Amino acid sequence: MAIALLSCIPFFIRFEKGKSGAREIVVIAVMTAFSVIGRLIFSPIPANNAVVLDEIIATVGNHIITRSDLEYAIQAYKYSSGFYTMEIDENTTCSILEQLLFQKLLLHQAELDSVVITEQQVDERLDYNLRMQIMRMGNDSKRLEEYYGKSIAEIKMDSREQLREDMMAEEVQRKLT
């Protein structure tokens, strides 16, 4: 649009000075017609059709908390309480966000303190957590897979890094108490 306007400036200047001919007026008229037609054709399409996939809602040190992190924590809260379809009020959402912030603060401190969690520790905790979740689902691993919409292997893979961070935060918290 800016290029079209800038290219018209010489014609406007010539036109205002009275030295324009029919040829220049026709060029300006055609460019104006194209602009109007283009605007009419594309007017139903919103100018900003960007879709937000996720957004950062908090930062602690080098760690971020995204909206999806909060939603995942809310789902985990529902799961752990046994009320899968329960509506969460604003106070509970704020409490869950506060817990996420505290976890990130502990994780940040764990990194400053060079806390190390081994792969074996993560694997053992991951296996334990999955066994407990399967037990809550009536010892039916298929039910757990349906709940998450993922296979057990995908659940493990997706949970691994978060679990490592949680374990690092726990280690810092254990040292503090």
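Residues numbered from 1 in each chain as written. Predicted model: local features only at pLDDT ≥ 70, side-chain atom pairs only at ≥ 80, totals over all residues. Heavy atoms only, no water.

Trainee: Residues and numbers for unusual backbone geometry, please.
Mentor: The phi angle at Ser 114 is positive, at roughly 55°, despite the residue not being glycine. For Ser 114, the location among the structural elements is in the loop between α4 (90-112) and α5 (119-136). One non-glycine residue, Asn 139, adopts positive backbone phi at about 55°. Topologically, Asn 139 is positioned in the loop between α5 and α6 (141-148). We classify Asn 139 as exposed; its relative accessible area is 61%. (Helix = DSSP H or I, 4+ residues; strand = E, 2+ residues; numbered from the N terminus. Buried < 20%, exposed > 50% of the residue type's maximum accessible area, 1.4 Å probe, protein only.)

Trainee: Which residues make up the layout of surface pockets, and what values do they have?
Mentor: Its boundaries defined by the atoms lining it, the largest pocket holds a volume of some 1400 Å³. Lining the largest pocket are 34 residues, and of these Tyr 72, Ala 73, Ala 76, Gln 162 and Asp 166 sit closest to its centre. Looking at the lining of the largest pocket, the elements that each hand over two or more residues are α3 (67-81), α4, α5, α6 and α7 (152-176). If you tally residues by element for the lining of the largest pocket, the top one is α7, at nine residues. When grouped by side-chain class, the residues that make up the lining of the largest pocket number 16 nonpolar, eight polar and 10 charged. (1 Å grid on protein atoms, 1.4 Å probe; cavity = no way out; pocket = protein on both sides within 12 Å on 5 of 7 lines; lining within 4 Å. Points joined across faces, edges and corners; volume = space filled by probe spheres on them. Nonpolar A, V, L, I, M, F, W, Y, C, P; charged D, E, K, R; others polar.)

Trainee: Give me the lowdown on the pairing of strand β2 (residues 63-66), citing residues and values where you can.
Mentor: Here strand β1 (residues 56-60) runs beside β2; their pairing, made up of four bridges, is antiparallel. Across the sheet, the residue bridging to Thr 59 is Ile 64, located in β2. Between β1 and β2, which follow one another and run antiparallel, lie two residues, and Gly 61 among them has a positive phi close to 60°. (Pairing = 2+ DSSP bridges.)

Trainee: Let's hear about the packing of aromatic side chains: which residues, and what values?
Mentor: With the rule as written, the count across this model stands at one aromatic pair. Ring centres 5.3 Å apart and planes at 85° place the aromatic pair Tyr 147 and Tyr 148 in the edge-to-face group. Under the relative-accessibility criterion, Tyr 147 is labelled partly exposed at 31%. Among the residues examined, Tyr 148 registers a relative accessible area of 25% and is labelled partly exposed. (Phe/Tyr/Trp six-rings, centres within 6.5 Å; stacked < 30°, edge-to-face > 60°.)

Trainee: I'd like a description of α3, backed by residues and values.
Mentor: With 15 residues, α3 should cover 21 Å at 1.5 Å per step; its first-to-last C-alpha distance of 21 Å lies within 8% of that length. Remark: Gly 82 follows α3 within two positions and exhibits a positive phi of approximately 85°. (Expected span 1.5 Å × (residues − 1).)

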